[in-house]
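Examination of the molecular architecture
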Amino acid sequence: MHLPPPVLPPDPPGAGAGGPWGAGRPYDPAAGRPAALARLTGADWRPALRAVVAPTAVLLLAALVVAIPEGFFPYTVVLDPPSYGKRFGTALAVVLGALGAPFRLDSDADARAGLAHGSEVLVRAVPLTVTVLWLLALWLGLRIGARRVQERTGEQQTRRQAAAEAGRTAVVAAAVTVLLGLLGGATWHPGGRFDVDVASGALDRTGYESSAGWVEAAGWTALLAGLLAFAVYGTDALRWAAWRNRTVRGWAVAGLAAGRALAVSVGLASAAGLVVVAVLGDEQGAAGDLTGTATAFLPNVGLMLLGLGSGATFRADSRMAGGGETDWSRDPREIDEYSFFDLHGANGDWRWTGLLALAAAAVLGWTAYRRRLDAADRLRLAAVYAVGLSLLMVVSGMLSSSRSTVHYLGRSQDTGFESTLSLVPWTLLAANLVWAAVGALALPPLLAARDRRPATPPAEVPAQPEGEFPGAPVLSEVIGSGDGPKPAGGRPEDDDPVDPSVWSRRP
């Protein structure tokens, strides 16, 4: 007896023509992902995602270091300090100030015997040490990404492609900053260390809340990341633009030379600031604490010293305003101004900061001399250097404001306090213009006159043999942006030179 063959289910649609199983179709891990996630993890966004890893690690590491000491928070002598998690969240909000985020600390006390009070503190200070490390880490990530893109495509990036990469990097960096801003901050209610009524029970029942202005930080992050990414990815496009346009070449050479001079000058000023902070801390008996705190603000201190030595006016501005029936401040505004020419009774040793201005001018003059820039290029160098240094000095200032409200027996008293430590903008711009003119315009001719030697007959250049390289241009060797390699017999606009010390070719 023969049994009938079993009845098999019909084949799925497309099984014989490359179906999902057994038909040889390769497995695609991105097939089931959402469209937005697949786009973010695509090949176009991977360089931007990889580039922001190192800068984010810099911010997190800085927050970890800041959150270690318990003395970072006030009243830790009589109150229990918050946990490390609370300290880390607050430290992360403080570290985001490196990207322009203002730090805010609110406190609100419970009422006792008809008394209640609340306060709000807002601090705007940019720890430039963290900012420099963030930019350096981002620059390294972008360089690695640019090399990988060039190795994969084998082509140079155009301006449109560089702008697209810059936009993606700006979006990713801003998104990471927003995420850190939302995660930063903390809320805690400290308790008393002792079984006593601390400050009439006001401090031990006070709640604290810290936060960062992540909206402003996201905007500045997008701007910095976008500009830096365009400078890295658009290097080849800028080279060709500089080759064809003398004006672009002149400003590019001036910008790079000014950047190097600024880096050396600010580095020297920061080293001097570290010495000054260490000496002041030793005189006050708190050398370790003061030096450790000032490490994050060393460029800020150095720029203040450089501005004071250049002749700019340093201002310490304090305001106090009281409301209600009683004015708590007889003098609502106090301004202390110091300059190199008028120290207002301060120690005369501060005039040694003039050596920093002389050193910065010497660095700028030596840079212009080594590059053999002509008069027009030295004018551009002086302008870029003065404007860049002025912007850095403006950013190095600090602004803090506080507001408190006290309610007692149905009556309220409002007070506000604001303090500023900064250089007066118009004085620092004028001082930087003067010193930039001295360094970029006056010093190079003096250095050239010192090294001038009697003219000697030029060596005879052997003629190029005919037919060895047919059609190859004969190049003239020069250094400045006004002189450069010139192809023989080209169009007039193609005869413009290029500075070989700036536009170096990769093999």
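Report follows, based on the coordinates.

Cut-offs used in this document
- Every chain is numbered on its own, with residues counted from 1 as its sequence reads.
- Owing to the predicted nature of the model, reporting of local features is limited to residues with pLDDT of at least 70; listing and counting of side-chain atom pairs is limited to 80 or more, with chain, interface and lining totals taken over all residues.
- Hydrogen atoms and water are omitted, and side-chain values are computed over all heavy atoms in the structure.
- Numbering of helices and strands starts at the N terminus; helices are DSSP runs of H or I of at least 4 residues and strands are runs of E of at least 2.
- Classification of residues uses two cut-offs on accessible area relative to the type maximum, computed with a 1.4 Å probe and protein chains only: under 20% is buried, over 50% is exposed, and between them is partly exposed.
- Note on definitions: angles span 0 to 180 degrees between N-to-C directions of axes, and those axes are lines fitted to C-alpha atoms, for helices only across the stretch in contact.
- The cut-offs work like this: below 35 degrees is roughly parallel, past 145 is roughly antiparallel, 65 to 115 is roughly perpendicular, and the gaps in between are oblique.
- Note: crossing handedness is left-handed where the near helix turns anticlockwise from the far helix by less than a right angle, and right-handed where it turns clockwise.
- Working rule for contacts: check all heavy atoms of both residues, and any pair within 4.5 Å makes them a contact.
- Three classes are used, and their members are as follows: Ala, Val, Leu, Ile, Met, Phe, Trp, Tyr, Cys and Pro are nonpolar, Asp, Glu, Lys and Arg are charged, and the others, Gly among them, are polar.
- Residues enter patches when they are more than 30% accessible in relative terms and free of salt bridges; like-charged ones are connected within 9 Å and nonpolar ones (Val, Leu, Ile, Met, Phe, Trp, Tyr) within 5 Å.
- Only the protein chains shown count as covering a residue, and every accessible area follows the Shrake-Rupley method with a 1.4 Å probe.
- What counts as a salt bridge is simple: a side-chain nitrogen of Lys or Arg found within 4 Å of a carboxyl oxygen of Asp or Glu.

A few words on the environment of W45. Mapped onto the secondary structure, W45 falls in the loop between helix 1 (35-40) and helix 2 (46-51). A relative accessible area of 17% means that W45 is categorised as buried. For the pair W45 and V172, spaced 127 residues apart in sequence, the C-alpha separation works out to 8.7 Å.

Running from amino to carboxyl end, helix 3 (residues 53-67) crosses helix 5 (residues 128-153) at an angle of 155°, the nearest separation of the two axes being 7 Å. Here helix 5 runs roughly antiparallel to helix 3, going by the angle between their axes. For the crossing formed where helix 3 meets helix 5, the hand is right-handed. Facing A54, P55, V58 and L59 of helix 3, the residues of helix 5 in contact are V130, L133, W134, A137 and L138. Split by residue class, the contact of helix 3 with helix 5 holds nine nonpolar, no polar and no charged.

Moving on, we come to a nonpolar patch on the surface. Taken together, the side chains of L61, L64, V65, I68 and Y84 make up a nonpolar region of the molecular surface, amounting to roughly 460 Å² of accessible area. No other element matches helix 3, which puts three residues into the nonpolar patch. Here L61 lies in helix 3.

In total, this model carries six salt bridges according to the counting rule given. Close ionic contact of E216 with R124 constitutes a salt bridge, the shortest N to O distance being 3.0 Å. One end of the pair, E216, is in helix 7 (residues 214-233); the other, R124, is in strand 2 (residues 115-125), and 92 residues separate them in sequence. For E216, a relative accessible area of 33% corresponds to the partly exposed category.

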